[in-house]
Amino acid sequence: MAISTIDPATGKTLRTFTPLSAEELEAKLQTAADTFRAYRETTFADRVTWLRRAADLLEAEADRYGRIMTQEMGKPFDAARAEAKKCATACRYYVDKGESLLRDRLVDMGTGRAFVRYQPLGPVLAIMPWNFPFWQVVRFAAPALMAGNVGLLKHAHNVPQCALALEELFLQAGFPRGAFQALLIETADVNRVIEDRRVRAVTLTGSEGAGRAVGAAAGKAIKKVVLELGGSDPFIVMPSADMEKAVETAVSARLINNGQSCIAAKRFIVADAIYPEFERRFVERMKRVTVGDPMDAKTDLGPLATRGILDGLHAQVEASVKAGARLLLGGKPLEGPGNFYPATVLAEPPPQAPAFHDELFGPVATLLRARDVDHALELANATPFGLGASVWTQDEAEQRRFIDGIEAGMVFVNALVASDARLPFGGVKHSGHGRELADVGIHEFVNIKSVRIAAAEDTKQQPPPRGAISE
């Protein structure tokens, strides 16, 4: 696919970019390797200064960065501007916590000295998606750069200006030239970068299919890989829930980022006793959603990022209705230019329908009935994905059941699932493996080196016989 900016609201191609030639890509890879040798020796104080400056720039230039995001992938401008500011919070988290998270960890071995040291791996390739074109990148880049790695960004083909703006951001913040580079390359060139000996690890946020391909390539090259893939997140509502708050949050949880979020709630599992009221309130609230120009502050729901995404989503809706789902609202692309799809509600699809188990990446909600807690858990886990889940109940026993029973990397109780630099982010099953953010995120791309220094009296002992094993 062409590397280009196509306005999702109009369908017009605004700018096209020429992919890097083989020679240009080679130069960038060598620059990353050369830069790493010096950058790994920089002090934490230097990295803190540069990362703090990046946070300042993200906040100061939020409007400019927001316009680029909206123009390239269609999210409402207010949300895009907020995304830039959210990136600043991740930078500041690692400014405050990075050095302490990477400090040598002492281990009491009885005699001598022992500790665990965290050292950078080298150039890390980040293959990032278009839906949160700044946040997805910064939540990788902030910990990676703080740990002493350098970054190579292969961004989605439809957000090249976001990629270049991010490269410029880190350079303006003071990071050495080559510490973070955008690679405007075709998908066909990705394997070459993964296989390159100078690239030490890979992280991908994307589809299940992309995860399989990148995971296989990284495995073949025997390189560390973190995969953050799709989700078909459940939003469970039990009788003790605050109905008004649950409905309002449910609408926000489904329509965030025009419905194009891996952790957006997609399947709304509601207890039988309150299902009719929830369905009525939810549909009424979805009817009030304003679809339109993403630059207009009154717009709730902007266009989908590409025509292909719209066509794929509509095919899933049609297949679900054909399989037996009830269409309560929407269900048809809006006429006119742009990739606009209305807020849509499907009810009680059968197990064979796409809406029952697949990820619907757009403003389409699926309503399901649950007989009891056990049935709600069964429905929540009846998907190959396991990223996030939102549970609405005031019953503490039910809360414990759902927290322990839901197969997901994140469970939020009486709250919307959201990423936060202070909490690990990631999933299980087909939602991927590894974690981003928090303490575990910065440890994903370091060499966790165990060091043992024997005491003087220990060195006087006879060496163990050949083949001896130390516990």
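Residues numbered from 1 in each chain as written. Predicted model: local features only at pLDDT ≥ 70, side-chain atom pairs only at ≥ 80, totals over all residues. Heavy atoms only, no water.

### Considering the overall build of the protein chain
The test is simple: Only DSSP runs of H or I with at least four residues qualify as helices, and only runs of E with at least two residues qualify as strands; both kinds are numbered from the N terminus onward. With the radius of gyration taken over C-alpha atoms, the globule rule is written as 2.2 Å times the number of residues to the power 0.38. Partly exposed residues are those whose accessible area sits between 20% and 50% of the maximum for their type, while under 20% is buried and over 50% is exposed, using a 1.4 Å probe and protein chains only. In what follows, a contact means two residues having at least one pair of non-hydrogen atoms within 4.5 Å. Per-residue and other accessible areas follow the Shrake-Rupley method at a 1.4 Å probe size, with only the shown protein chains counted as cover for residues. Only four residue types enter the charge count: Lys and Arg as positive, Asp and Glu as negative, with His and the chain ends excluded. Taken as the charge location is NZ of Lys, CZ of Arg, CG of Asp or CD of Glu.
Across its full length, the protein chain carries 16 helices and 20 strands. Radius of gyration (C-alpha) of the protein chain: 24 Å, near the 23 Å computed for a compact globule of 471 residues. Along the first, second and third principal axes, the C-alpha set of the protein chain runs to 80 × 55 × 40 Å. Across the 471 residues of the protein chain, 55% fall into the buried class. Across the protein chain, the fraction of contacts at a sequence separation of at least 24, relative to all contacts at a separation of at least 6, is 71%. Of the accessible surface of the protein chain, which amounts to about 20200 Å², a share of 51% is contributed by carbon and sulfur atoms. Placing the 56 positive and 58 negative side-chain charges of the protein chain at their respective mean positions leaves the two points 4 Å apart.

### Section: helix α6 (residues 160-172)
Put simply, the rule reads: Here, expected helix span is obtained from the residue count minus one, scaled by 1.5 Å.
Taking 1.5 Å per residue as the helical rise, α6 with its 13 residues ought to reach 18 Å, and the 18 Å between its terminal C-alpha atoms agrees with that figure. Among the residues of α6, those classed as buried are Pro 160, Gln 161, Cys 162, Ala 163, Ala 165, Leu 166, Leu 169 and Phe 170. Residue Gly 174 follows α6 closely and has a positive phi angle near 115 degrees.

### What about the pattern of salt bridges?
For clarity, the threshold we go by: When a carboxyl oxygen of Asp or Glu lies within 4 Å of a side-chain nitrogen of Lys or Arg, that pair is called a salt bridge.
Inspection of the entire model under this criterion finds 28 salt bridges. A salt bridge links Glu 279 to Arg 326; the nearest nitrogen and oxygen atoms lie 3.1 Å apart. Remark: Arg 326 occurs in strand β12 (residues 326-329) and Glu 279 occurs in helix α10 (residues 275-287); sequence separation between them is 47 residues. Note on Glu 279: relative accessible area 18%, which makes it buried. For Arg 326, a relative accessible area of 35% gives the class partly exposed. Glu 348 is paired through a salt bridge with Arg 326; the nearest N and O atoms lie 2.8 Å apart. Of the two residues, Glu 348 sits in the loop between β13 (344-347) and α12 (354-357) while Arg 326 sits in strand β12, which places them 22 residues apart along the sequence. On the basis of relative accessibility, which here comes to 33%, the residue Glu 348 falls in the partly exposed class.

### Focus on the confidence of the model for the protein chain
We count it as follows: Each residue gets a pLDDT score, which is the predictor's confidence in that residue and runs from 0 to 100.
Summary statistics for the protein chain give a mean pLDDT of 96 and a share of 97% for residues scoring 70 or more. Throughout residues 465-471 the model reports pLDDT below 50, and contacts reaching past four residues in sequence, or to other chains, amount to 0 contacts.

### Digging into the nonpolar core
Just so we agree on the cut-off: Nonpolar core, defined: a set of buried Ala, Val, Leu, Ile, Met, Phe, Trp, Tyr and Cys residues in which side-chain atoms within 4.5 Å join the residues together.
Among the nonpolar cores identified, the biggest contains 109 residues, and Leu 125, Phe 134, Phe 175 and Ile 194 are the most heavily contacted of them. Considering each element in turn, this core owes the most residues, 11 residues, to helix α4 (residues 77-102). Counting 44 residues, the second-largest nonpolar core is a separate cluster that includes Tyr 275, Val 289, Ala 370 and Val 373.

### A closer look at the state of the cysteines
In plain terms, the rule: Note on terminology: pairs of cysteine sulfur atoms within 2.5 Å are recorded as disulfides.
Summed over all chains, the structure comprises 0 disulfides. Here Cys 87 stays unpaired: no disulfide links it, and the sulfur of Cys 91, its closest cysteine neighbor, is 7.1 Å away. Not part of a disulfide, Cys 162 finds its nearest cysteine sulfur in Cys 87, a span of 10 Å.

### Concerning unusual backbone geometry
At Asn 258, a residue that is not glycine, the phi angle is positive and equals roughly 60 degrees. Within the fold, Asn 258 resides in the loop between α9 (243-255) and β11 (265-271). A positive phi angle, near 70 degrees, is found at Leu 437, a position not held by glycine. Within the secondary structure layout, Leu 437 lies in the loop between β19 (432-433) and α15 (438-443). With relative accessibility at 0%, the residue Leu 437 sits in the buried group.

### Considerations on the sheet that holds β13
For clarity, the threshold we go by: Should DSSP find at least two bridges between two strands, the strands are taken to pair. Interaxial angles span 0 to 180 degrees and are taken between N-to-C directions of axes, which are lines fitted to C-alpha atoms, for helices over the stretch in contact.
Taken together, 7 strands build an open sheet; the order of strands is β12-β13-β14-β11-β10-β16-β17 and the sheet is mixed. Strands at the two margins of the open sheet, each flanked by one partner only, are β12 and β17 (410-413). Here the strands of the sheet are splayed against their neighbours by 25 degrees on average, with no regard to which way each runs. Bridge count for β13 against strand β14 (residues 364-370) is 4 bridges, and the pairing is parallel. Considered in β14, the bridge of Thr 344 is made with Val 364.

### A closer look at the packing of aromatic side chains
What counts is decided by this rule: Ring pairs are drawn from Phe, Tyr and Trp, using the six-membered ring of Trp, whenever the two centres fall within 6.5 Å, and their geometry is named by plane angle: stacked under 30 degrees, edge-to-face over 60, tilted for the rest. Our definition puts a charge over a ring when NZ of Lys or CZ of Arg is within 6 Å of the ring centre and also within 35 degrees of the ring normal.
The tally for this structure, following the rule as stated, stands at 12 aromatic pairs. Residues Tyr 93 and Tyr 94 carry aromatic rings whose centres are separated by 4.9 Å and whose planes lie at 90 degrees to one another, so their mutual orientation is edge-to-face. This pair shows no difference in class: Tyr 93 is buried, exactly as Tyr 94 is. Ring-pair connections join several aromatic residues into one group, and the members of that group are Tyr 39, Trp 50, Phe 170, Phe 175 and Phe 180. Taking the ring centre of Phe 44 as reference, the NZ or CZ of Arg 47 above it sits at 5.1 Å. Just above the ring of Phe 445 sits the side chain of Lys 224; from NZ or CZ to the centre is 5.8 Å.

### Let's talk about helix α1 (residues 22-39)
When the terminal C-alpha atoms of α1 are compared, their 25 Å separation across 18 residues agrees well with the 26 Å that a helix rising 1.5 Å per residue should span. Three or more residues of α1 are buried, namely Leu 25, Leu 29, Ala 32, Ala 33, Thr 35, Phe 36 and Tyr 39.

### Thoughts on a positive patch on the surface
Heads up, the condition is: For patch detection, residues must exceed 30% relative accessible area and be free of salt bridges, and they are connected within 9 Å for like charges or within 5 Å for nonpolar side chains (Val, Leu, Ile, Met, Phe, Trp, Tyr).
On the surface, Arg 40, Arg 197, Arg 200 and Lys 449 cluster together into a patch of positive charge. Summarising the element assignment, Arg 40 is placed in the loop between α1 and α2 (44-60).

### What about the environment of Ala 84?
Structurally, the position occupied by Ala 84 is in helix α4. In this structure the C-alpha to C-alpha distance between Ala 84 and Ala 217, which are 133 residues apart in sequence, comes to 32 Å. Non-local contacts of Ala 84, meaning those with residues more than four positions away in its chain, are made with Leu 58, Ala 62, Tyr 65 and Met 69.

### Overview of the side chain of Gln 161
Its location among the elements puts Gln 161 in helix α6. We classify Gln 161 as buried; its relative accessible area is 18%. Those residues in contact with Gln 161 that sit more than four places away from it in its chain are Thr 5, Arg 15, Phe 17, Ile 68, Gln 71 and Glu 72.

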